[in-house]
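Fold and geometry: a report
Each chain, written out:
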Amino acid sequence: MSRNVGTNKRLRPVFIDEDLVKQLLDWHEARHAIEQAFVAVSNQSREPGARYGDQPVSSQPARTFVQAEGGVLLCMPGFVGQHQLTSGSDERTSTLACKLITSFRKNASVGLPSINGEVFVFSSTTGKLEAIVEANYLTGIRTATASLVATDHLFLRPARASAPDGMVSIQLGIVGCGFQGMMHAVGFVRTQSMARVRTIRLWNRTPARAAQLKELLIEERKKTDSNYSVFVCDTVEDCCRDCDVIVTATGSGEPLVYRSFLKQKVHINAVGAGEYHHAELAQDVYDDCQVYIDHWEGARKELATLRSNIVGEVGEVILRESHPKGASLLPKPDGMSVFQSLGMASEDVTVGRLVYEKHLKAHDRSDRD
Ligand SMILES: NC(=O)C1=CN([C@@H]2O[C@H](COP(=O)(O)OP(=O)(O)OC[C@H]3O[C@@H](n4cnc5c(N)ncnc54)[C@H](OP(=O)(O)O)[C@@H]3O)[C@@H](O)[C@H]2O)C=CC1
Ligand SMILES: O=C([O-])C1=[NH+]CCC1
């Protein structure tokens, strides 16, 4: 018997650090990866006979939480089968990965982000660990991109379809200007082919952070050749006023956004979480809106106490757009829609794989078995 039987003779996994992730990931490619994740999860949720053979599938249990003294560790394993790495490519790949991520809310006081983690990417044929990808920026871009994709499919596409020139412009409200609030604001201004951003209104509990984000968005305005205005608001009500699209990205355990602050037709991406994932929006918002989720498996556990009309998964909306059998799941034309973003492993799986493949390409080598 070979001396190597049962031993690991493979090269070490590649480590892709935060700086490299920033160089490798771009908003447009991330969007395709996130759409693949949404679609994979919803294709899998269908009855086996109703699944689309030309679309990816997934396996993704609800994540687990381990409570520590200062915060929480989340374990997020997932598999996405037969996903496309880039839009329009015939090439398919399958990815097995697991994100381990911690959320320690008081980290700012020691100069660290509150969310820290890694995505572990495994070979889906041998199960060997191929890459460890730092997942702070990755989590920022994938979460913001999930909101961009939800906003586009639920709100902007229908708006573009009914606009005489097919163009839409929006007033954007950002409630919470921490890392996620910043990534969402930057994401919207970097992807203005979906909708031109006319105005950005910012609110943060600590106003200095909103002022910092304003400065950054003014720099982005030059880089993206845009002409939006940016306002720092004293109250959440002022921030939400007249907004078409709102992002809530705070750790608040109390409602911040009430129905009376909002236009009749508005789309909200509710991203943050206090004790519950649906803490940021008041019950009168949930009484009057249609809620969309990223995945039922997680929602059954993490949104168990949410009292609202959950219409379905964003991935199912996307699947029905391209395979128009059955009723549309789109929001009512004059109603309010909420994307209740929990975050799911399949997003980290497809985005983690994208980063790893781009790293291999950039280094012109294959680290596979
Ligand atoms: N859905 C998803 O996929 C993901 C969700 N998240 C969630 O998004 C939220 C933001 O994360 P992130 O930006 O990384 O964290 P940061 O620590 O960078 O920012 C936290 C933000 O929340 C604000 N905040 C905290 N507590 C309150 C409160 N009681 N009332 C009002 N504002 C408050 C902070 O304000 P201040 O500056 O005053 O402290 C700050 O703006 C968290 O809840 C996190 O769990 C994160 C990753 C993925
Ligand atoms: O999906 C995710 O990565 C997270 N959701 C809440 C904290 C981190």
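About the cut-offs
Positions within a chain are numbered from 1, following the residues in the order the chain's sequence is written. Whichever chain is written first becomes A and whichever ligand is written first becomes 1, with later ones labelled in order. Local features in this predicted model are restricted to residues whose pLDDT is 70 or higher, and side-chain atom pairs enter the listing and the counts only when it is 80 or higher, whereas totals over whole chains, interfaces and linings include all residues. Placing a C-beta atom from the backbone of each residue, we mark the residue near a molecule or strand if the atom is within 6 Å of it. Counting from the N terminus, the helices are DSSP H or I runs at least four residues long and the strands are E runs at least two residues long. Under the scheme applied here, ten amino acids are nonpolar (Ala, Val, Leu, Ile, Met, Phe, Trp, Tyr, Cys and Pro), four are charged (Asp, Glu, Lys and Arg), and all others, including Gly, are polar. Just so you know, the domain bounds were taken from an automatic or database domain assignment. Fitting a line to C-alpha atoms yields each axis, with helices limited to the stretch in contact; the angle taken between N-to-C directions then spans 0 to 180 degrees. When an angle is under 35 degrees it counts as roughly parallel; over 145 it counts as roughly antiparallel; between 65 and 115 it counts as roughly perpendicular; any other value is oblique. Should the near helix be turned counterclockwise from the far one by less than a right angle, the crossing is left-handed, whereas a clockwise turn marks it as right-handed. Once C-beta atoms are placed from the backbone, any two residues with those atoms within 7 Å are in contact. With C-beta atoms placed from the backbone, a residue counts as buried when 20 or more other C-beta atoms lie within 10 Å of its own, as exposed when 12 or fewer do, and as partly exposed for counts between those limits. Should DSSP find at least two bridges between two strands, the strands are taken to pair. Viewed with both strands pointing away, a crossover whose connecting path from the first strand over the helix to the second turns clockwise is right-handed. Each nonpolar core reported here comprises buried Ala, Val, Leu, Ile, Met, Phe, Trp, Tyr and Cys residues connected via C-beta atoms within 7 Å.

Re the site of ligand 1
Around ligand 1 sit 26 residues, and of these G178, Q180, R205, T206 and G343 come closest. Mapped by element, the contributors of at least two residues to the shell around ligand 1 are α3 (136-162) and α4 (179-190). Among the elements that line the shell around ligand 1, the one with the most residues is α4, at three residues. Its residues assigned to classes, the shell around ligand 1 comprises eight nonpolar, 16 polar and two charged. Two domains each donate at least three residues to the shell around ligand 1, and these are domain 1 (14-138 + 347-361) and domain 2 (143-344).

Some remarks on the packing of helix α2 (residues 27-45) against helix α10 (residues 345-362)
A pair of packed helices is characterised by two quantities: the angle between their axes and the separation of those axes. α10 packs onto α2 with a crossing angle of 140° between their chain directions and a minimal axis gap of 8 Å. Here α2 lies oblique to α10, going by the angle between them. α10 is crossed by α2, and the crossing has right-handed handedness. Between α2 and α10, the residues in contact are E29, A30, A33, I34, Q36, A37, A40 and V41 and S346, E347, V349, T350, V351 and L354, respectively. Its residues assigned to classes, the contact of α2 with α10 comprises nine nonpolar, three polar and two charged.

Side note on the site of ligand 2
Neighbouring residues of ligand 2: L74, I101, S103, I115, T139, A273 and G343. Its residues assigned to classes, the shell around ligand 2 comprises four nonpolar, three polar and no charged.

Observations concerning unusual backbone geometry
Trans is the prevailing form of peptide bonds, just as negative phi is the prevailing case for residues other than glycine. Look at Q82: it is not a glycine, yet its phi comes out positive at around 60°. Structurally, Q82 can be placed in strand β4 (residues 72-84). Among the residues examined, Q82 registers 17 C-beta atoms within 10 Å and is labelled partly exposed. With a phi close to 65°, D242 is a non-glycine residue in the positive phi region. With 12 C-beta atoms counted inside 10 Å, the residue D242 sits in the exposed group.

A short note on the pairing of strand β10 (residues 229-232)
Side chains V230 and V232 project from β10 onto a buried face, and the interleaved S229 and F231 project onto a face without burial. Judged from the four bridges that link them, strand β9 (residues 196-203) and β10 form a sheet pairing that is parallel. What sits directly across from T199, in β10, is S229. Each parallel crossover has a hand, and for β9 linked through helix α5 (residues 207-223) to β10 it is right-handed.

Observations regarding the nonpolar core
Counting 100 residues, the largest nonpolar core has V133, L138, L202 and V355 as the members making the most contacts within it. In terms of residue count, the dominant contributor to this core is α3 (twelve residues). Residue assignment places this core across two domains, with domain 1 (14-138 + 347-361) and domain 2 (143-344) each supplying three or more. Residues in contact with L138, not counting those within four places in the same chain, are V21, L25, V119, V133, V351, G352 and V355.

Topic: the packing of α3 against α10
At their nearest, the axes of α3 and α10 sit 10 Å apart, and the two run at 120° to each other. Accordingly, the angle class assigned to the pair α3 and α10 is oblique. The handedness of the crossing between α3 and α10 comes out as right-handed. Contacts from L138, R142 and A146 in α3 reach E347, D348, V351, G352 and V355 in α10.

Focus: the domain arrangement of the protein chain
A common measure of how large an interface is: the accessible area buried when the components associate. The assigned domain composition of the protein chain is domain 1 (14-138 + 347-361) and domain 2 (143-344). Distance between the C-alpha centres of domain 1 and domain 2: 22 Å. Tallying the contact residues gives 20 residues for domain 1 and 24 residues for domain 2. Among the elements that make up the side of domain 1 that touches domain 2, the one with the highest residue count is α2 (eleven residues). Looking at the side of domain 1 that touches domain 2 residue by residue, the classes come out as ten nonpolar, five polar and five charged.

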